[in-house]
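In case you want the letters, here they are:
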Amino acid sequence: IGGQMAKRVFFSFHYQDVIDFRANVVRNHWRLKPNRQDAGFFDASLWETTQKQGTMAIKRLINSGLEKTSVTCILIGSQTYSRKWVRYEIMKSFRRSNDMICVHINSVKDKFGNTKQKGYNPLSFLGVTYSDSGRTATLWEKNSNRWTKYSEIGGSASYQINPVPQQYRGKGYNFSKWYSVFDWVTDDGFNNFSEWVG
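Below is a short write-up of the structure. Along each chain, residues carry numbers from 1 onward, in the same order as the chain's sequence is written. Local features in this predicted model are restricted to residues of pLDDT 70 or higher, and side-chain atom pairs are both shown and tallied only at a pLDDT of 80 or more, whereas totals for entire chains, interfaces and linings draw on every residue. For the side-chain quantities, the full set of heavy atoms in the structure was used; hydrogens and water were omitted.

Neither face of strand E1 (residues 9–12) is open: one carries Val-9 and Phe-11, the other Phe-10 and Ser-12, and all of them are buried. In this analysis, strands are considered paired if DSSP registers two or more bridges between them. In DSSP terms, a helix is any run of H or I states spanning at least four residues, a strand is any run of E spanning at least two, and both are numbered starting from the N terminus. With four bridges connecting them, E1 and strand E2 (residues 71–76) associate as parallel partners. Within the sheet, the bridge partner assigned to Ser-12 lies in E2 and is Ile-74. With a 1.4 Å probe rolled over the protein chains alone, any residue whose accessible area is under 20% of its type maximum counts as buried; one over 50% counts as exposed, and the rest are partly exposed.

Next up, the structure:
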(Lines give C-alpha, C1' and ligand atoms only; values in the text may rest on other atoms or scores of the structure.)
Protein backbone atom coordinates (compact mmCIF):
# COMPACT_ATOMS: atom_id res chain seq x y z
CA ILE A 1 0.00 0.00 0.00
CA GLY A 2 1.21 3.53 -0.76
CA GLY A 3 2.81 5.81 1.76
CA GLN A 4 6.41 6.53 2.48
CA MET A 5 8.45 4.38 4.82
CA ALA A 6 9.51 6.44 7.82
CA LYS A 7 13.22 7.21 7.89
CA ARG A 8 15.41 5.93 10.69
CA VAL A 9 16.85 8.96 12.44
CA PHE A 10 20.01 9.21 14.53
CA PHE A 11 19.82 11.98 17.14
CA SER A 12 23.00 13.85 18.06
CA PHE A 13 22.90 16.05 21.17
CA HIS A 14 24.69 17.25 24.29
CA TYR A 15 23.61 15.29 27.37
CA GLN A 16 23.05 18.49 29.37
CA ASP A 17 20.03 19.02 27.09
CA VAL A 18 18.68 15.64 28.20
CA ILE A 19 19.11 16.60 31.85
CA ASP A 20 17.30 19.88 31.12
CA PHE A 21 14.61 17.87 29.30
CA ARG A 22 14.83 19.80 26.00
CA ALA A 23 16.31 16.98 23.93
CA ASN A 24 13.72 14.55 25.30
CA VAL A 25 10.84 16.61 23.92
CA VAL A 26 12.12 16.06 20.38
CA ARG A 27 13.34 12.49 20.84
CA ASN A 28 10.11 11.32 22.46
CA HIS A 29 7.53 13.18 20.37
CA TRP A 30 7.23 10.05 18.20
CA ARG A 31 5.52 8.24 21.07
CA LEU A 32 2.50 10.47 20.69
CA LYS A 33 2.09 9.58 17.01
CA PRO A 34 0.51 6.59 15.25
CA ASN A 35 2.75 4.30 13.18
CA ARG A 36 5.85 5.25 15.12
CA GLN A 37 9.11 4.34 13.40
CA ASP A 38 12.05 3.52 15.67
CA ALA A 39 14.55 6.35 16.04
CA GLY A 40 18.21 5.70 16.69
CA PHE A 41 19.54 7.23 19.88
CA PHE A 42 21.15 6.09 23.09
CA ASP A 43 19.85 6.38 26.58
CA ALA A 44 22.12 8.08 29.11
CA SER A 45 22.92 4.92 31.07
CA LEU A 46 24.35 3.19 28.00
CA TRP A 47 26.37 6.31 27.17
CA GLU A 48 27.76 6.69 30.69
CA THR A 49 28.80 3.02 30.85
CA THR A 50 30.59 3.34 27.51
CA GLN A 51 32.38 6.56 28.52
CA LYS A 52 34.10 4.66 31.32
CA GLN A 53 35.45 2.20 28.73
CA GLY A 54 37.24 4.87 26.70
CA THR A 55 37.39 6.47 23.28
CA MET A 56 37.21 3.35 21.12
CA ALA A 57 34.13 2.10 22.99
CA ILE A 58 32.37 5.42 22.42
CA LYS A 59 33.22 5.38 18.71
CA ARG A 60 31.91 1.82 18.40
CA LEU A 61 28.69 2.83 20.17
CA ILE A 62 28.18 5.79 17.83
CA ASN A 63 29.07 3.77 14.73
CA SER A 64 26.61 1.02 15.64
CA GLY A 65 23.93 3.62 16.42
CA LEU A 66 24.35 5.14 12.97
CA GLU A 67 23.93 1.80 11.20
CA LYS A 68 20.67 1.54 9.26
CA THR A 69 19.94 5.27 9.70
CA SER A 70 19.61 7.62 6.75
CA VAL A 71 19.15 10.94 8.56
CA THR A 72 21.11 12.52 11.42
CA CYS A 73 19.26 15.15 13.44
CA ILE A 74 21.50 17.47 15.46
CA LEU A 75 19.65 18.99 18.43
CA ILE A 76 21.22 22.39 19.07
CA GLY A 77 21.43 23.57 22.67
CA SER A 78 23.90 26.06 24.16
CA GLN A 79 27.07 23.95 24.15
CA THR A 80 26.29 21.40 21.44
CA TYR A 81 28.67 23.02 18.94
CA SER A 82 31.71 22.43 21.17
CA ARG A 83 31.06 18.81 22.17
CA LYS A 84 33.67 16.35 20.91
CA TRP A 85 31.27 13.46 20.36
CA VAL A 86 28.65 15.56 18.61
CA ARG A 87 31.38 16.53 16.14
CA TYR A 88 32.32 12.89 15.69
CA GLU A 89 28.67 11.95 15.07
CA ILE A 90 28.33 14.70 12.44
CA MET A 91 31.58 13.80 10.67
CA LYS A 92 30.72 10.11 10.69
CA SER A 93 27.24 10.92 9.36
CA PHE A 94 28.78 12.97 6.54
CA ARG A 95 31.17 10.17 5.61
CA ARG A 96 28.34 7.63 5.44
CA SER A 97 26.22 10.07 3.37
CA ASN A 98 23.41 10.48 5.89
CA ASP A 99 21.23 13.48 5.23
CA MET A 100 21.48 15.94 8.14
CA ILE A 101 19.17 18.49 9.71
CA CYS A 102 19.67 20.78 12.70
CA VAL A 103 16.94 21.63 15.18
CA HIS A 104 17.33 24.46 17.70
CA ILE A 105 15.93 23.29 21.05
CA ASN A 106 16.71 26.22 23.37
CA SER A 107 13.20 27.52 22.61
CA VAL A 108 11.81 24.41 24.31
CA LYS A 109 10.98 25.02 27.96
CA ASP A 110 13.15 23.07 30.39
CA LYS A 111 11.75 21.29 33.44
CA PHE A 112 11.58 24.67 35.23
CA GLY A 113 9.72 26.37 32.36
CA ASN A 114 12.75 28.37 31.16
CA THR A 115 13.99 28.93 27.61
CA LYS A 116 17.42 30.15 26.42
CA GLN A 117 18.92 32.05 23.50
CA LYS A 118 19.74 29.98 20.43
CA GLY A 119 23.06 28.14 20.56
CA TYR A 120 25.68 28.12 17.80
CA ASN A 121 25.09 25.76 14.88
CA PRO A 122 27.66 22.92 15.20
CA LEU A 123 27.78 22.63 11.40
CA SER A 124 29.37 26.10 11.23
CA PHE A 125 32.45 24.62 12.94
CA LEU A 126 32.89 21.68 10.55
CA GLY A 127 33.68 21.39 6.86
CA VAL A 128 35.27 19.53 3.98
CA THR A 129 37.74 20.34 1.20
CA TYR A 130 38.06 18.43 -2.06
CA SER A 131 41.31 17.84 -3.93
CA ASP A 132 41.87 19.24 -7.43
CA SER A 133 41.22 15.76 -8.83
CA GLY A 134 37.97 15.50 -6.83
CA ARG A 135 39.05 12.06 -5.58
CA THR A 136 40.11 13.00 -2.05
CA ALA A 137 38.01 14.63 0.68
CA THR A 138 39.59 16.18 3.79
CA LEU A 139 37.56 16.89 6.94
CA TRP A 140 38.14 20.04 9.02
CA GLU A 141 37.01 21.42 12.37
CA LYS A 142 37.20 24.91 13.84
CA ASN A 143 38.53 25.49 17.38
CA SER A 144 39.32 28.97 18.76
CA ASN A 145 38.90 30.51 15.27
CA ARG A 146 41.46 28.11 13.74
CA TRP A 147 40.64 25.40 11.21
CA THR A 148 42.51 22.14 11.75
CA LYS A 149 42.30 18.76 10.06
CA TYR A 150 39.83 16.37 11.69
CA SER A 151 41.43 12.93 11.97
CA GLU A 152 39.21 11.18 14.57
CA ILE A 153 37.78 8.78 11.96
CA GLY A 154 40.29 6.14 10.96
CA GLY A 155 43.28 8.26 12.04
CA SER A 156 43.34 10.49 8.95
CA ALA A 157 41.43 13.62 7.93
CA SER A 158 41.65 12.66 4.24
CA TYR A 159 39.97 9.74 2.51
CA GLN A 160 39.34 8.52 -1.03
CA ILE A 161 35.94 9.14 -2.61
CA ASN A 162 34.23 8.73 -5.95
CA PRO A 163 35.17 11.92 -7.82
CA VAL A 164 32.95 14.88 -6.95
CA PRO A 165 31.54 17.00 -9.81
CA GLN A 166 33.92 19.52 -11.38
CA GLN A 167 32.44 22.56 -9.59
CA TYR A 168 33.43 21.16 -6.16
CA ARG A 169 37.04 20.26 -6.98
CA GLY A 170 39.82 22.21 -5.31
CA LYS A 171 37.33 23.96 -3.01
CA GLY A 172 36.24 23.90 0.62
CA TYR A 173 32.75 23.97 2.10
CA ASN A 174 31.27 24.72 5.49
CA PHE A 175 28.62 22.13 6.39
CA SER A 176 26.24 24.87 7.53
CA LYS A 177 25.77 25.86 3.86
CA TRP A 178 24.43 22.42 2.91
CA TYR A 179 21.93 21.35 5.55
CA SER A 180 18.61 22.74 6.79
CA VAL A 181 18.19 24.33 10.23
CA PHE A 182 14.86 24.53 12.08
CA ASP A 183 13.58 25.69 15.45
CA TRP A 184 11.47 23.13 17.30
CA VAL A 185 9.02 25.71 18.68
CA THR A 186 8.77 28.45 16.03
CA ASP A 187 8.82 25.96 13.13
CA ASP A 188 6.33 23.62 14.88
CA GLY A 189 8.54 20.56 15.05
CA PHE A 190 5.81 18.42 16.62
CA ASN A 191 3.76 18.58 13.44
CA ASN A 192 6.53 19.11 10.88
CA PHE A 193 9.43 16.89 11.98
CA SER A 194 8.50 14.01 9.67
CA GLU A 195 8.60 16.41 6.71
CA TRP A 196 11.98 17.81 7.80
CA VAL A 197 13.55 14.35 7.75
CA GLY A 198 11.59 13.73 4.53
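Nonpolar core, defined: a set of buried Ala, Val, Leu, Ile, Met, Phe, Trp, Tyr and Cys residues in which side-chain atoms within 4.5 Å join the residues together. Ile-74, Ile-90, Phe-94, Leu-139 and Phe-175 are the most contacted members of the largest nonpolar core, which totals 26 residues. Listed by contribution, the elements that provide at least two residues to this core are helix H4 (55–66), E2, helix H5 (84–95), strand E3 (99–104), strand E4 (126–130) and strand E5 (136–143). With six residues, the single largest contributor to this core is H5. Should any heavy atoms of two residues lie within 4.5 Å, those residues are counted as being in contact. When neighbours within four sequence positions are excluded, Ile-90 is seen to be in contact with Ile-74, Met-100, Pro-122, Leu-123, Leu-126 and Phe-175.

Quick look at the side chain of Asp-183 now. Within the secondary structure layout, Asp-183 lies in strand E9 (residues 180–183). Residues scored as charged are limited to Lys and Arg (positive) and Asp and Glu (negative), so that His and the chain ends carry no count. Only one rule defines a salt bridge in this text: a Lys or Arg side-chain nitrogen within 4 Å of an Asp or Glu carboxyl oxygen. Here Asp-183 is buried and forms no salt bridge, its nearest opposite-charge partner Lys-118 lying at an N-O distance of 4.3 Å. The definition of a polar contact used here is a pair of N or O atoms within 3.5 Å, where within protein one atom must be able to donate a hydrogen and the other to accept one, and adjacent residues in sequence count solely through side-chain atom pairs. Of note is the side chain of Asp-183, whose polar atom sits 2.8 Å from the side chain of Ser-107. With sequence-adjacent residues up to four places away left out, Asp-183 is seen in contact with Val-103, His-104, Ser-107, Lys-118, Asp-188 and Trp-196.

One pass over the full model with this rule turns up five salt bridges. One salt bridge connects Asp-110 with Arg-22, and the closest N-O pair in it is separated by 3.8 Å. Pair noted here: Asp-110 is in the loop between E3 and E4 and Arg-22 is in helix H2 (residues 22–27), with a separation of 88 residues, a long-range link. Here Asp-110 matches Arg-22 in class, with each residue buried. In this structure, Lys-59 and Glu-152 form a salt bridge, with 3.1 Å as the shortest nitrogen-oxygen distance. Here the residue Lys-59 occupies a position in helix H4, and Glu-152 occupies one in the loop between strand E6 (146–149) and strand E7 (158–160), the gap between them amounting to 93 residues. Classification of Lys-59 as buried rests on a relative accessible area of 12%. In this structure Glu-152 comes out as partly exposed when scored by relative accessible area, which is 30%. Where salt bridges share partners, they join Asp-20, Arg-22, Asp-110 and Lys-116 into one cluster.

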